[in-house]
Amino acid sequence: MSIHAKASVVAPLYRINKFAVPTAARAQFLELVEKTLEVIRSQDGYVKDLFLEQHAGPGKFNFCTMIEFTSEEVAQKVAAAIGEFDRSLNIDRAALMEKLGVETDSASYKSFQAT
């Protein structure tokens with residue numbers, strides 16, 4: 001396979017979001033995540049997701065989502081759909097997380113291929 005052919009391959013994108021959720025904020029946090037995942041799952045280019053709760057280990061993040069998209073372009077469209085969802089409910093997501101005391105860490109990842 002030529003270098004040019006490799007460049008044309010569209011790689012999946014993985015969005016990983018970690019959350020440190022205080023017990024008092026748990027119910028409201030879970031409700032928002034479930035509604036957000038409904039929006040994400042309805043988007044073209046969504047592949048799959050995992051919503052995980054920590055059950056052991058020393059880490060401070062007690063919830064994690066991993067969402068797979070077909071490409072980086074899809075992730076950008078999904079982010080816009082989530083923004084529209086937030087506006088429809090009059091939610092400022094960052095302000096809400098701060099009010100609830102939820103600490104977040106989010107990043108996008110692509111599959112690692114050693115050369």
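**Notes on unusual backbone geometry**
Even without a glycine there, the phi angle at Asn 90 is positive, about 55 degrees. Assignment of secondary structure puts Asn 90 in the loop between helix 3 (72-88) and helix 4 (93-100).

**Digging into the environment of Pro 22**
Tracing the backbone through its elements, the reader meets Pro 22 in the loop between strand 1 (13-20) and helix 2 (26-41). A C-alpha to C-alpha distance of 9.0 Å links Pro 22 and Glu 103, two positions 81 residues apart in sequence. Residue contacts for Pro 22: discarding those within four places in its chain leaves Leu 100, Gly 101 and Val 102.

**Section: helix 4**
Among the residues of helix 4, those classed as buried are Leu 96, Met 97 and Leu 100. Axial view of helix 4: buried residues confined to an arc of 100 degrees, hence all on one face. Opposite the packed face of helix 4, turned more than 90 degrees from it, sit the exposed residues Ala 94, Glu 98 and Lys 99. Structurally, helix 4 contributes buried residues whose contacts are with helix 2 and strand 4 (103-109). Looking one or two places after helix 4, you find Gly 101, whose phi comes out positive at around 80 degrees.

**Observations concerning the pattern of salt bridges**
The final tally for this structure, using the stated rule, is 9 salt bridges. A salt bridge links Lys 60 to Glu 103, with the nearest nitrogen and oxygen atoms 2.5 Å apart. In this pair, Lys 60 is assigned in the loop between strand 2 (46-53) and strand 3 (63-69) and Glu 103 in strand 4, connecting sequence segments 43 residues apart. Among the salt bridges present, the one from Asp 86 reaches Arg 93, with a minimum N-O distance of 2.6 Å. Under the relative-accessibility criterion, Arg 93 is labelled partly exposed at 24%.

**Remarks on helix 2**
Spanning 16 residues, helix 2 covers 22 Å between terminal C-alpha atoms, matching the ideal 22 Å at 1.5 Å per step. Residues of helix 2 that are buried: Phe 29, Leu 32, Val 33, Thr 36, Leu 37, Val 39 and Ile 40. Each buried residue of helix 2 sits inside an arc of 155 degrees when the element is viewed along its axis, so together they form one side. Opposite the buried face of helix 2, at more than 90 degrees from it, the exposed residues are Ala 27 and Glu 38.

**Describing the sheet that holds strand 3**
What the 4 strands build is an open sheet, ordered 2-3-1-4; its pairing is antiparallel. Edge positions in the sheet fall to strand 2 and strand 4, since each of these pairs with one other strand and no more. This sheet shows a mean twist of 10 degrees between the axes of neighbouring strands, independent of strand direction. Bridge count for strand 1 against strand 4 is 7 bridges, and the pairing is antiparallel. Bridge pairing in strand 4 places Ala 20 opposite Glu 103.

About the thresholds
- Residues numbered from 1 in each chain as written.
- Predicted model: local features only at pLDDT ≥ 70, side-chain atom pairs only at ≥ 80, totals over all residues.
- Heavy atoms only, no water.
- Helix = DSSP H or I, 4+ residues; strand = E, 2+ residues; numbered from the N terminus.
- Contact = heavy atoms within 4.5 Å.
- Buried < 20%, exposed > 50% of the residue type's maximum accessible area, 1.4 Å probe, protein only.
- Arc of directions from axis to C-beta.
- Salt bridge = Lys/Arg side-chain N within 4 Å of Asp/Glu carboxyl O.
- Expected span 1.5 Å × (residues − 1).
- Pairing = 2+ DSSP bridges.
- Axes fitted to C-alpha atoms, helices over the stretch in contact; angles between N-to-C directions.

These values are about where atoms sit, not about what they do.
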